[in-house]
Structures are given as C-alpha cells and as structure tokens.
Amino acid sequence: MTTRTRPGGPLTLPGGTTVARLGVGCWPIGGPAHNLGMPMGWSTADDHQALAGLHRALDLGANLFDTADVYGRGRSEQLLGTALRDIPRGDFAVTSKVGYYTEPGAHHAMDPAHLRRRLEGTLLRLGVDYLDVYAFHNSSFGSGDVHLEGAVAALRGFQAEGLIRAVGMRGPHRFAPERRTAPGEREDKHARFRRQFAAIRPDVLAVRDNLLTPPSATDGIREFAQAHGVTVMVNKPLGQGLLTGKHTPVAPPVFADGDHRQRKAWFAPPALAVLAPHLDEIRDRLGDDPQVLAHAALAYCLRRWPGAAVLTGFTTAAQIGQNLTCDPDRLSADDLLFLADVGRRAQQALDHLGEVFTDEATR
C-alpha cells in the first residue's frame, strides 16, 4: 500500500512511521465505563461493530490508532490488539495514554512505578512490544506538580528502553473540569500548560478542535507546536457526533449507564434545537448528502491543521466508511471561511445555554 492511499494524506511520526493523517480514535469502542465516580464511556459501543470498523479502517488505508488504558478500563486496547494481531508491526502506529485510571493501592496515577505497570498492561492488551506514542492523558501531577519530574523521567526512560518511541501530552482543554481541585483554586490552563510543556518537552501534542471550538481555545497552539517542532494530533473533530447531524431535537439520543454524554447538556433537546439551524446552513451550501456534515467537519480540521493528524472516533463500521472517505481538497478557501463562521456562531449560541457539563452547573 502506498502513502498516496492514506486517508487525509501521509504524515511521518517522530518515531519514523508514516501514517495516514486521518486516524482512528478508539475511545468509543471501549464501551460503557465509570472512572473518578463519573460515567466516562460510550453505551452505544458493540464489540462486533468495533472489530468490523477497525478492519474496515485498515482496508481503507488508515494505520494510526489512538487509545488509552482508561477507555473501557482496557477494553478498547484489547479490541484494537485483536484487530492488529496479524498486521506487520511496522505497517501501523498505535498511541496510548496514561493518567486517568489509578490502580487500587497506587500512591498516584503519575507515580513512576504505577506508570510502568500501566504501560506493561497496555502493551500486553495491545499485543505489541512498543508504542509509537505514549502520552500523559491529563495535567494532574499532584499539588505543585510534585509528581511531574518523576513522571517525565519515567516516560523518557521507557523511550530509552525502546518501549515507546515518542512522549506526548495534552494541550489546554476548554471542557475539562478538574475534579480534584475546587473551582476557586484552579490554575489558568494555558499558564499551566506552558510550565508543564517546558518540563515534559513532548514529541507529540494532543489538541481538541472542531467547528464548535472557540478560536481562543486554540489560539497560538499551532504556531507554538511548529516553533517547538512538535507533531500535533487533533481529536474530537466531529464534536463526538454533534457535527454529523445524527442527533436531533425531535429524536434526541438516549444514553445508557456508563456513557459520558449523559453529563453533557449539548446532547439534550434544547442544545440540539440551537445547533440544528447551523447544521442546516452547511447542508444548504454543501449539499444534503448524508455524509456532507461529517466530511465538512473533518475537512475543516485537516485543512486548519496542515501537517497534523486528525483522529476520528467511531462505534460502527459504517461510520468508518463515512469518515475515512473524506476528501479535504473538495472544500474551497471560501467554504472553509464559511464553515468557520457557522461554527463560531453555533458555539456562541450553545455557550449562551450555560455549562456544558450538567454536574458542573450545580457545583
């Protein structure tokens, strides 16, 4: 398979593997789960569809897969490992993350001994002997970042051992309430990010961006990453399904126990009613094909972040077939400006409804 067949075009990761810029996010296939006393999974997942989707992705040329130990408490990693079992290791890249799940009896999620156990478990579940990227899943390194130095030394040690090829971290995340810190004691996210970036010196930076992300949330990050020679991976380009048009105020989604979307007001009828006319604007301009919204949202991110990977999640093989056939070059420069404007107005209208997390509104 040549790089010309890679969805979104080719990208070379810091470890040297050439991958498709349009990659596969594997959080949803982990299924329903709880962590930190909250639902944090996806109740709409199905193992059969997950495996069918992963095989479909490989058929379409995708070879970058992102997961984490907390996704389904390891279920996502297990399913991904099953799908990749017969694929030559050099033909794909797999990334995983650590920091949200703390084993019983562990001192802290970022304690070096705990990090080693988590990495060993991840490698076992995936059936690989190294990760292309291993990333800190959050920025919680204890009071005063007491665990930061040791955690960084641990991951760089794993890199020296050949267990991981690159170290990653997450950029400032607009919608990421800090459950271990009282609201009045939370540090400015951008200031903390810059301080921790200087200590971690990551090879890869995860950035959340989509049409509903306000520009202020990512202002300067692209240029910052370029200046430091850091590869960017953009996640949630479809707004966890909101930008595909599949959820409507007439037929709002119903999520079972263990689904993180139960906590998010944007999936409730009032927010879906606010979002609907903005999605209609996109259809009116680009067409009413069922794939048009997803393709527009993905193309927007691919064009907005040249040289970056864009990771799109899925729960069904049909979604993989839809998402990985996106052609970003079909959008004109005027189309991109139009999408940015529609997204900005939609985001502002949604923000007027109040907190995204329903349990944050009561804190």
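This text goes with the structure placed above it.
This text gives an overview of the structure that appears in the document. This is a predicted model, so every value here is computed, not measured. (Residues numbered from 1 in each chain as written. Predicted model: local features only at pLDDT ≥ 70, side-chain atom pairs only at ≥ 80, totals over all residues. Heavy atoms only, no water.)

1. Here's the deal with the overall build of the chain
Logical step 1: Broken down by element type, the chain carries eleven helices and twelve strands.
Logical step 2: By the compact-globule yardstick of 21 Å for 363 residues, the chain fits well, its C-alpha radius of gyration being 19 Å.
Logical step 3: Considering only C-alpha atoms, the chain reaches an extent of 55 × 55 × 40 Å along its principal axes.
Logical step 4: Going through the 363 residues of the chain one by one, you find that 55% of them count as buried.
Logical step 5: With the model as given, the accessible surface of the chain reaches about 15100 Å², and the carbon-plus-sulfur share is 52%.
Logical step 6: Once the 40 positive and 40 negative side-chain charges of the chain are each reduced to a mean point, those two points are 1 Å apart. (Helix = DSSP H or I, 4+ residues; strand = E, 2+ residues; numbered from the N terminus. Rg over C-alpha atoms; globule rule 2.2 N^0.38 Å. Buried < 20%, exposed > 50% of the residue type's maximum accessible area, 1.4 Å probe, protein only. Areas by Shrake-Rupley, 256 points an atom, 1.4 Å probe, with all protein chains shown as cover. Lys, Arg positive; Asp, Glu negative; His and termini not counted. Charge placed at Lys NZ, Arg CZ, Asp CG, Glu CD.)

2. Quick notes on the pattern of salt bridges
Logical step 1: Under the definition given, this model contains 18 salt bridges.
Logical step 2: Between Glu-281 and Arg-345 there is a salt bridge, with the nearest N and O atoms lying 2.9 Å from each other. Here Glu-281 is found in helix H8 (residues 269-286), whereas its partner Arg-345 is found in helix H11 (residues 333-351), with 64 residues between them in sequence.
Logical step 3: A residue is classified by how much of its surface remains accessible, and Glu-281, at 25% relative accessible area, is partly exposed.
Logical step 4: Residue Arg-345 is classed as partly exposed on the basis of its relative accessible area of 25%.
Logical step 5: Several salt bridges converge on common partners, so that one network encompasses Asp-69, Glu-103, Arg-117 and Arg-118. (Salt bridge = Lys/Arg side-chain N within 4 Å of Asp/Glu carboxyl O.)

3. Points about the packing of helix H3 (residues 112-126) against helix H4 (residues 148-161)
Logical step 1: For the pair H3 and H4, interaxial distance at closest approach is 9 Å and the crossing angle is 40°. Regarding the angle of H3 to H4, the classification is oblique. Relative to H4, H3 is oriented so that their crossing is right-handed. Side by side, H3 and H4 meet where Pro-112, Leu-115, Arg-116 and Leu-119 of the first sit next to Gly-150, Ala-151, Ala-154, Leu-155, Phe-158 and Glu-161 of the second.
Logical step 2: Class assignment of the residues belonging to the contact of H3 with H4 gives a composition of seven nonpolar, one polar and two charged. (Axes fitted to C-alpha atoms, helices over the stretch in contact; angles between N-to-C directions. Parallel < 35°, antiparallel > 145°, perpendicular 65-115°, else oblique. Left-handed = near helix turned anticlockwise from the far one by under 90°. Contact = heavy atoms within 4.5 Å. Nonpolar A, V, L, I, M, F, W, Y, C, P; charged D, E, K, R; others polar.)

4. Some words on the sheet that holds strand S10 (residues 204-208)
Logical step 1: Overall, parallel pairing links the eight strands, which are arranged S3-S6-S7-S8-S9-S10-S11-S12 in a closed barrel. The mean inter-strand angle of the sheet, taken between neighbouring strand axes irrespective of direction, is 30°.
Logical step 2: Across the sheet, H3 is in contact with strand S7 (93-98) and strand S8 (133-136); its angle to S7 comes to roughly 145°. (Pairing = 2+ DSSP bridges.)

5. Topic: helix H5 (residues 189-200)
Logical step 1: For H5, spanning twelve residues, the distance from its first C-alpha to its last is 16 Å, which sits close to the expected 16 Å at 1.5 Å a residue.
Logical step 2: The elements touched by buried residues of H5 are S8, H4, strand S9 (167-170), S10 and helix H7 (221-227).
Logical step 3: Directly beyond the C-terminal end of H5, a positive phi value near 50° is found at Arg-201. (Expected span 1.5 Å × (residues − 1).)

6. Considering the packing of aromatic side chains
Logical step 1: Scanning the entire structure with this criterion turns up seven aromatic pairs.
Logical step 2: Residues Trp-27 and Trp-42 carry aromatic rings whose centres are separated by 5.4 Å and whose planes lie at 90° to one another, so their mutual orientation is edge-to-face. With a gap of 15 residues between them, Trp-27 in the loop between strand S3 (22-25) and strand S4 (34-35) and Trp-42 in the loop between strand S5 (38-39) and helix H1 (47-59) connect regions that are remote in the sequence. A single burial state applies to Trp-27 and to Trp-42, both of which are buried.
Logical step 3: Look at Phe-197 and Phe-224: their rings are 4.7 Å apart centre to centre, the planes differ by 70°, and that puts the pair in the edge-to-face class. Of this pair, Phe-197 sits in helix H5 while Phe-224 sits in helix H7, placing them 27 residues apart in sequence. (Phe/Tyr/Trp six-rings, centres within 6.5 Å; stacked < 30°, edge-to-face > 60°.)

7. Concerning the nonpolar core
Logical step 1: One finds Val-24, Leu-54, Phe-65, Leu-131, Phe-136 and Phe-158 to be the most contacted residues of the largest nonpolar core, which totals 88 residues.
Logical step 2: Among the elements that make up this core, the one with the highest residue count is helix H9 (residues 292-304) (ten residues).
Logical step 3: Here Phe-136 is in contact with Val-98, Met-110, Phe-141, Ala-151, Val-152, Leu-155, Val-167, Gly-168, Met-169, Arg-170 and Ile-200, once residues within four sequence places are set aside.
Logical step 4: With eleven residues, the next largest nonpolar core counts Leu-64, Ala-93, Ala-166 and Met-233 among its residues. (Core = buried A, V, L, I, M, F, W, Y, C linked by side-chain atoms within 4.5 Å.)

8. A few points about unusual backbone geometry
Logical step 1: A positive phi is found at Asp-145, a non-glycine position, where the angle reads about 55°.
Logical step 2: Structurally, Asp-145 can be placed in the loop between S8 and H4.
Logical step 3: The phi torsion at Lys-236 lies on the positive side, around 60°, for a residue other than glycine.
Logical step 4: By secondary structure assignment, the location of Lys-236 is in the loop between strand S11 (231-235) and H8.

9. A word on the side chain of His-247
Logical step 1: Its location among the elements puts His-247 in the loop between S11 and H8.
Logical step 2: Judged by its relative accessible area of 14%, His-247 falls in the buried class.
Logical step 3: In contact with His-247, not counting residues within four places along its chain, are Gly-241, Pro-253, Arg-261, Phe-267 and Leu-272.

10. Details of the pairing of S9
Logical step 1: Pairing geometry for S8 and S9, over two bridges, is parallel. In the strand pairing of S9, Tyr-134 is matched with Val-167.
Logical step 2: Handedness of the β-α-β unit built from S8, H4 and S9 comes out right-handed.
Logical step 3: Two strands pair when backbone bridges link them, and S9 and S10 are joined in this way by three bridges, in the parallel orientation. Across the sheet, residue Met-169 finds its bridge partner in S10, namely Leu-205. (Right-handed = clockwise from strand over helix to strand, strands pointing away.)

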